[in-house]
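This is what each chain is made of:
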Number of protein chains: 2
Amino acid sequence: MNAEKIPDIIIGRLPIYLRALQRMAERGVQVTSSKELGEQVDISAAQIRKDISQFGEFGKQGMGYNVAFLIEKLREILKVDRVWDVVVVGAGDIGHAVARYQGFTDRGFRIVAIFDNDPEKIGKKAGNFVIQDVAHMGEYIRREGIKIAMIAVPASAAQEVANELVEAGVKAILNYAPINISVPEGVHVQYIDPVTHLQRMTYYL
Amino acid sequence: MNAEKIPDIIIGRLPIYLRALQRMAERGVQVTSSKELGEQVDISAAQIRKDISQFGEFGKQGMGYNVAFLIEKLREILKVDRVWDVVVVGAGDIGHAVARYQGFTDRGFRIVAIFDNDPEKIGKKAGNFVIQDVAHMGEYIRREGIKIAMIAVPASAAQEVANELVEAGVKAILNYAPINISVPEGVHVQYIDPVTHLQRMTYYL
DNA sequence: GTGACTTTTGTACAATTGTGTACAATGCCC
DNA sequence: GGGCATTGTACACAATTGTACAAAAGTCAC
C-alpha cells in the first residue's frame with residue numbers, strides 16, 4: 001500500500017467502483033477485469049487500474065480481479081466495512097424520504113434518529129423513527145458519539161444546524177439544503193442539490 | 001464570448017455560483033466580487049474570475065460584479081432563463097419527495113408528470129400529480145416534447161426506464177437509482193446517490 | 001477638476017494535477 | 001511450452017489551477 005496522500009478525486013471514484021462491483025456480485029459474477037468494470041462505470045480501464053493500484057496489488061495479471069476480494073478491500077479503504085450511525089436533521093419531505101430509504105443499511109450506514117424544530121412534527125413518526133426535538137440533538141450526538149449527519153432543513157437554517165452539528169462532534173455532513181455551508185478544517189461536507197445537476201445538463205441542450 | 005469549447009468542469013461550477021448569487025440577491029446584495037463569491041462557495045477568486053470570463057466581460061475592474069446582471073448572464077448561459085418541463089419515473093419515497101419539492105420552479109424546472117408501473121399506485125396522487133401508468137410515458141414525452149426526466153425507480157429497473165426515455169426523446173436524465181446507466185452519445189446523465197457521497201467522506205474519518 | 005490612491009477585473013504564464021499510452025511482467029490454459 | 005489475457009507502472013500528454021500584474025474604474029482630498 002502506497003502511504004502517500006491519495007488525491008480526493010480518486011477517493012471519489014471508489015464508491016462508484018464499489019457500487020458496480022456489488023451489483024456484479026449480486027449477479028453472481030466472481031471475477032472481473034478493469035476493462036469490464038470500466039465499461040460499467042464509463043471510466044477508462046487504465047484509470048481504474050491506476051486508482052486501485054494506489055492501495056495495493058489486488059488483481060492478478062492475465063486474470064483480472066476477484067470481485068468479492070476487491071469489494072472487501074474497497075470497503076476497508078473507504079471504512080465502510082462497519083456500520084456508521086447517522087442522524088437526520090429536518091423532517092420535511094426530504095427528511096421523511098431519507099428516513100424511510102432502505103438502501104443505507106447494506107452499504108455501511110444506519111439512520112438512528114431524526115430531529116426537527118417544529119412542535120407540530122415532534123413526537124410524530126418519520127419512517128420507523130419518532131421525530132425528536134432538535135433542542136436535544138447536541139446531547140444525543142455527544143452521548144452516542146455520532147460522526148455523520150444529514151441536513152434536510154430549509155437553506156435559511158442550514159448554516160446554523162451545521163454549526164450545532166460540528167459543535168457536538170459531527171465530522172461529516174451530507175447537505176440537502178441548496179446552500180454552501182462553511183465548516184472548520186477537518187469537517188467534511190458533501191452536497192446534494194438536484195437543481196444544480198439539472199442546470200449542469202441544460203447547458204448542453 | 002469565447003466560442004471555443006468550454007470544459008465541463010467549468011459548466012459544473014456555474015450552477016454553484018448561480019445558487020450563491022441568488023442567495024445574495026435575496027439578501028439585497030447588489031454588487032459582489034470574485035473574492036466574496038469565492039468565500040461563499042469555497043473556490044478561489046482567480047478560479048471564479050477565469051470561469052466567468054470564458055463567457056464575456058461581466059465585471060467592472062475595481063468594482064466587481066453586479067449581482068442581478070451576473071445572475072441574468074449565468075441563467076442565459078445555463079439555459080435556465082426559461083422553464084423546463086420534467087417528468088418523474090417512479091412513485092416511491094424519492095418520487096413522492098421530488099414531486100412535492102417546491103424548490104424547482106424558481107430555478108428553471110417544473111415537474112409536469114409522474115409515472116409508475118405499480119397498479120396499486122396508478123391513479124393515486126403524489127404531491128399535486130396523479131400517478132400515471134408508465135405504459136403511457138413514451139407517448140406523453142413525445143407529445144409534450146419533454147427533454148428532461150428523473151429516474152426514481154429501483155436499480156434493477158433503471159436501465160430499462162432509461163432506454164424508454166431516450167427512445168421517446170429525452171436528452172437529460174437525473175438518476176436517483178444507485179446504478180450506472182448507459183445512454184447513447186448526446187444524452188446526458190447525472191447521478192444522485194447519497195451513499196456514494198457518504199462513502200467518500202468516511203475515508204477521511 | 002485633477003491626480004494620487006484603492007480596488008478588482010481579465011489574462012499571460014508557470015506550476016501542478018490528472019489522464020492516456022504502451023509495454024514488460026505475470027499467470028492461466030491447453 | 002506457446003499463446004493469450006490482463007495487471008501494474010513508466011513516461012508522455014492534456015487539463016486544471018495558481019500566481020502575478022497591467023489595465024480599468026471608482027473615490028477622495030484639495
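Rules behind the numbers
- Residues numbered from 1 in each chain as written.
- Chains lettered and ligands numbered in written order.
- Predicted model: local features only at pLDDT ≥ 70, side-chain atom pairs only at ≥ 80, totals over all residues.
- Heavy atoms only, no water.
- Buried < 20%, exposed > 50% of the residue type's maximum accessible area, 1.4 Å probe, protein only.
- Domains from an automatic or database assignment.
- Near = heavy atom within 4 Å.
- Polar contact = N/O pair within 3.5 Å; in protein donor to acceptor, adjacent residues only side chain to side chain.
- Helix = DSSP H or I, 4+ residues; strand = E, 2+ residues; numbered from the N terminus.
- Nonpolar A, V, L, I, M, F, W, Y, C, P; charged D, E, K, R; others polar.
- Pairing = 2+ DSSP bridges.
- Right-handed = clockwise from strand over helix to strand, strands pointing away.

Now for unusual backbone geometry. With a phi angle near 60 degrees, A:Asp42 is a residue other than glycine that sits in the positive phi range. Classification of A:Asp42 as exposed rests on a relative accessible area of 70%.

A common way to state how big an interface is: give the accessible area lost once the parts meet. We note that the domain assignment places domain 1 (8-77) and domain 2 (84-197) within chain A. Relative placement of domain 1 of chain A and domain 2 of chain A: their C-alpha centres are 31 Å apart.

Moving on, we come to the protein's contact with DNA strand D. Contacts to DNA strand D come from 24 residues, most closely from A:Ser34, A:Gln61, A:Tyr65, B:Lys50 and B:Gln61. At the protein interface, 61% of the atoms of DNA strand D within 4 Å belong to sugar or phosphate. Contact between DNA strand D and A:Arg49: a base nitrogen at 2.8 Å from a side-chain N or O atom of the residue. Here A:Tyr65 contributes a side-chain N or O atom positioned 2.8 Å from a phosphate oxygen of DNA strand D. At the level of elements, α3 (45-53), β2 (59-60) and β3 (64-66) of chain A together with α1 (8-26) and α3 (45-53) of chain B are the ones that each hand at least two residues to the surface near DNA strand D. Residue composition of the surface near DNA strand D, by class: 7 nonpolar, 10 polar and 7 charged.

Before going further, it helps to spend a moment on the pairing of strand β5 (residues 109-116) of chain B. Residues and elements named next belong to chain B. Counted residue by residue, β5 has 6 buried out of 8 residues, so it is predominantly covered. Across 6 bridges, strand β4 (residues 84-89) lies against β5 in parallel orientation. Along β5, the bridge assignment pairs Val87 with Ala113. A crossover connection joins β4 to the parallel β5 through helix α5 (residues 93-100); in handedness this β-α-β unit is right-handed. Pairing analysis gives 2 bridges linking β5 to strand β8 (residues 132-133), with the strands arranged parallel. For Phe115, the partnering residue across the bridge sits in β8 and is Gln132.

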